[in-house]
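A closer look at the structure
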Amino acid sequence: MKLSVIILNYKTPYFLHLCLESVQRATANLESEIIVIDNNSQDESIELVKTYFPEVFLIENQENLGFSKANNLGVKQVNGEFICILNPDMVVPENCFETLLEFSNDKRDLGVVGVRLIDGTGTYLPESKRNIPNIEVAFQKLTGDTSKYYANQLAQDEVGEVPVLVGAFLFMRKAVFESIGSFDEDYFMYGEDIDLSYKLTQNGFKNYYYGQLTALHFKGESTIKNRKYQRRFYKAMQIFQKKHFSKGKFVDGIIVLALKLLAETKSNKKLKLENGDTEKNIFWVSEQSAMPEAFRIKNYKSLNVIEFKDLSQLQNTSGTVIFDLQDLKFSEVLQSIQLLKNSKNRFRIRPSNCNFSLGSDTSTSQGELLKW
């Protein structure tokens, strides 16, 4: 088998649905398998996978094992020559995996490959490619200076070597992943991607950023920026510094204390949007499919059906743009969000044959689920 796509889920059932549909389309012409690992979500996630994606191999953990341990267990059960570790709040274009396989096949020194990521507003996510966070870079990052943290030596649409790729999308050979000891299970969540990338370069492999492919990472669904996130993130940085850049017990102790203080003082607001704004103009974008009647009768200010070929007219509008995957491609949706990203519109995606749409207006908080 050529490819195994591994998706670790925790409490993101509807975004997981959208992710799975995109992965199914992107693997349609490949000898591949899709594995979902659920970290004891205790919500609709399990039922959703069993009902709508029965061909997916489902692993039901009885507790939240964290990112590293759960993914390591999943990789042990897959059959693909290549693996892709994927977040459940990701959307990939149809040509994603075929393009990466073609790029990777003849590279024997291949470590891990990442792609260009955007958020739900179409904004580029600079964490798509990063540098190694040594002590100086780590402290600069934690105090708000990201000039050395992100790998700005490579343009966002270029292809080339970078030190670190982001854990939301990691594409590599299974044998290489296992040869360096897989994910370090000292990391519960956050930091494992930095550690993996660093171990690969230390073992003679090259990590590649493929900026000619764009995928969508809603981000806030799996990385809610609250106090618990801050503590886990800074704890991960402590582990990484101690393992790879230790300066002795005294200096390490000072670093740990400083990171703890930052974790307690640095915070972000948590925002969750609920069921949409009924005062907004709604623009339903499709090729030919009709707007569902159950949606049409909802009390919106204005409902407009827009054919995909006329999308450019939305550059001067203000409202909620819903892309209908009933007859649109994921690649078309991703391109459209980027085309309209500087408009006053919000973007939502409706999976095929579903009575809901999803989207997010910020990369630091949970997004919106709208049902009808």
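What you are looking at is a predicted structure, and each value in this text was computed from that prediction instead of being measured.

Now for the overall build of the chain. Scanning the chain for helices and strands turns up eleven helices and 17 strands. For the chain, with 372 residues in total, the buried portion stands at 59%. As presented, the chain carries roughly 16,000 Å² of accessible surface, and 47% of it is formed by carbon and sulfur atoms.

Tallying each qualifying case throughout the model produces 18 salt bridges. Ionic pairing is found between Arg 25 and Glu 21, a salt bridge with its closest N-O pair at 2.8 Å. Taken together, the residues Arg 25 and Glu 21, both in helix α1 (residues 13–26) and four residues apart, mark about one turn of the helix. Looking at Glu 21, the relative accessible area reads 8%, which means it is buried. Among the ionic pairs, Lys 219 bridges to Glu 127, the shortest N-O distance being 2.3 Å. Residue Lys 219 is located in the loop between β11 (206–217) and α8 (227–244), and its partner Glu 127 is located in the loop between β6 (110–118) and β7 (129–130); the two are separated by 92 residues in the primary sequence. Each member of the pair, Lys 219 as well as Glu 127, is classed as buried. Each member of the salt-bridge network shares a partner with another, and the members are Arg 346, Arg 348, Asp 361 and Glu 368.

On to the environment of Ser 32, then. Position of Ser 32 relative to the elements: it lies in strand β2 (residues 32–38). Separated by 30 residues in the primary sequence, Ser 32 and Lys 2 have C-alpha atoms spaced 5.9 Å apart. Look past the residues within four positions of Ser 32 in its chain and what remains in contact with it is Met 1, Leu 3 and Thr 27.

A few words on the packing of aromatic side chains. Under the counting rule described, the total for this entry stands at 13 aromatic pairs. Pairing Phe 103 with Tyr 210 gives two aromatic rings, centres 5.0 Å apart and planes at 65°, and the pair type is edge-to-face. With Phe 103 in helix α4 (residues 96–104) and Tyr 210 in strand β11, the pair connects residues that are 107 residues apart, well separated along the chain. Using a relative accessible area of 13% as the deciding quantity, one classes Phe 103 as buried. When its relative accessible area of 12% is taken as the criterion, Tyr 210 is described as buried. When the ring of Trp 284 is compared with that of Trp 372, the centres are 6.0 Å apart and the planes differ by 70°; the resulting orientation is edge-to-face. Here Trp 284 is found in strand β12 (residues 281–286), whereas its partner Trp 372 is found in the segment after β17 (368–371), with 88 residues between them in sequence.

Counting through the fold element by element, Ser 360 comes out in the loop between β16 (356–359) and β17. Polar side-chain contacts of Ser 360 include one of 2.7 Å to the backbone oxygen of Thr 362. Discounting chain neighbours no more than four positions away, the residues touching Ser 360 are Gly 120, Thr 121, Phe 218, Phe 347, Arg 348, Ser 365 and Gly 367.

Moving on: the confidence of the model for the chain. The predicted model of the chain averages 87 in pLDDT, with 83% of residues at 70 or higher. Counted against residues more than four places away or in other chains, residues 266–278, with its pLDDT under 50, gives 34 contacts.

What counts as what
- Residues numbered from 1 in each chain as written.
- Predicted model: local features only at pLDDT ≥ 70, side-chain atom pairs only at ≥ 80, totals over all residues.
- Heavy atoms only, no water.
- Helix = DSSP H or I, 4+ residues; strand = E, 2+ residues; numbered from the N terminus.
- Buried < 20%, exposed > 50% of the residue type's maximum accessible area, 1.4 Å probe, protein only.
- Areas by Shrake-Rupley, 256 points an atom, 1.4 Å probe, with all protein chains shown as cover.
- Salt bridge = Lys/Arg side-chain N within 4 Å of Asp/Glu carboxyl O.
- Contact = heavy atoms within 4.5 Å.
- Phe/Tyr/Trp six-rings, centres within 6.5 Å; stacked < 30°, edge-to-face > 60°.
- Polar contact = N/O pair within 3.5 Å; in protein donor to acceptor, adjacent residues only side chain to side chain.
- pLDDT = per-residue confidence, 0-100.

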